[in-house]
Amino acid sequence: MAILIKSEREIELMREAGKILALTHEELKKAIKPGISTYEIDRIGEEVIRSYGCIPSFLNYNGYPASICVSVNDEVVHGIPSKTRFLEEGDIVSLDAGVIYQGYHSDSARTYGVGEISTEAADLIRVTKESFFEGLKACRAGNHINDISKAIFNYVSSRGYRAVRDLVGHGVGASLHEAPEVPNFTRMMKGPKLRPGMTLAIEPMINIGTYEVEWLSDDWTVVTADGALSAHYENTVLITEGEPEILSKAEGIEL
Ligand code: MF3
Ligand code: CO
């Protein structure tokens, strides 16, 4: 699959999608409290996305039954919202969301603590986010995909964490998942060369323990093989002639 270079018009639509996605995450962040069900989080997310006339990217994608992926503690990604799963003080929760605006997707994820969390959990969330920004520094035209992967991998590895290997970041645009893959670990290959107009969803999924993951019997929820904590942080990024541009952002809203 060829890597699609976006036109200025497509980039503008992705900026708008990304802005609405950032505003959606902001509303979700406010809702994160002990006692809320993961189902309620999904309801708020879908409502906000639709209030902007947008469509949730994930709803019905390959049969995924919700708009927001809500993954708690040892759940890495793709947790399915449930009316009977309630957040508890001390949990960490990853919220992954996608928005379609006029046919173009933006994809981003955040991990939050619920109430007071352990320093171990807080450190994991912080390093996972920081590793995205290490990867971002490598998002320069002329570099290769592996430069992004290596930056993320080296950053988390040097701090004692493990990068998940079975799931990767990806190109994003008129489809949620486009070429190329953006792994969070290094391979021998340099991978494709980065060019202005490429749009990538860069998404470190980082574990405290083993990098190995398993799928639950719902066929979606990915959990760590050892039951230890995992965090996720993701943004949609545009490669330019100069500095990369984060597309999944809105003015005044924390990344
Ligand atoms: N950010 C996730 C990904 O890139 C979202 C996909 S969830 C799905 O894989 F439900 F839509 F599959
Ligand atoms: Co993604």
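Everything numeric here is computed off the predicted structure, so don't read it as measured data.

Novice: Please give an account of the sheet that holds strand 10 (residues 205–207) that cites residues and values.
Specialist: Spatial ordering of the open sheet is given by 6-10-13, a layout of three strands whose pairing is antiparallel. Pairing within the sheet leaves two strands with one partner each, and these edge strands are strand 6 (162–163) and strand 13 (230–232). Inspection of the sheet shows strand 6 paired to strand 10 by two bridges, in the antiparallel sense. Its bridge partner being in strand 10, alanine 163 is matched across the sheet by isoleucine 206.

Novice: Describe the site of ligand 1, with residues and values.
Specialist: Taken together, 13 residues sit near ligand 1, with Tyr64, Asp96, Asp107, His170 and His177 positioned nearest. The separation between a nitrogen atom of ligand 1 and a polar side-chain atom of aspartate 96 is 2.6 Å. In this structure, a nitrogen atom belonging to ligand 1 sits 3.0 Å away from a side-chain N or O atom of aspartate 107. Placement of ligand 1 is best described as lying within the largest pocket. The residue makeup of the shell around ligand 1, split by class, is six nonpolar, three polar and four charged.

Novice: Outline the coordination of the cobalt ion (ligand 2), supporting the account with residue identities and numerical values.
Specialist: Ligation of the cobalt ion (ligand 2) by protein atoms is provided by Asp107 (OD), His170 (NE2), Glu203 (OE) and Glu234 (OE), these donors lying 2.1 to 2.3 Å from the ion. Seen from the cobalt ion (ligand 2), its six donor atoms lie at angles of 66 to 169°, and the figure they make is irregular. Written as a sequence motif, the donor arrangement for the cobalt ion (ligand 2) is D-x62-H-x32-E-x30-E. Of this pair, aspartate 107 sits in strand 5 (residues 104–113) while histidine 170 sits in strand 7 (residues 169–171), and the two are 63 residues apart along the sequence.

Calculation rules
Residues numbered from 1 in each chain as written. Chains lettered and ligands numbered in written order. Predicted model: local features only at pLDDT ≥ 70, side-chain atom pairs only at ≥ 80, totals over all residues. Heavy atoms only, no water. Pairing = 2+ DSSP bridges. Helix = DSSP H or I, 4+ residues; strand = E, 2+ residues; numbered from the N terminus. Near = heavy atom within 4 Å. Polar contact = N/O pair within 3.5 Å; in protein donor to acceptor, adjacent residues only side chain to side chain. 1 Å grid on protein atoms, 1.4 Å probe; cavity = no way out; pocket = protein on both sides within 12 Å on 5 of 7 lines; lining within 4 Å. Sits in = over half its atoms within 2 Å of the grid points. Nonpolar A, V, L, I, M, F, W, Y, C, P; charged D, E, K, R; others polar. Donors = N, O, S within 2.8 Å, 3.2 Å for Na, K, Ca; no water. Tetrahedral: all angles 85-135°; square planar, octahedral: opposite > 155°, others 65-115°.

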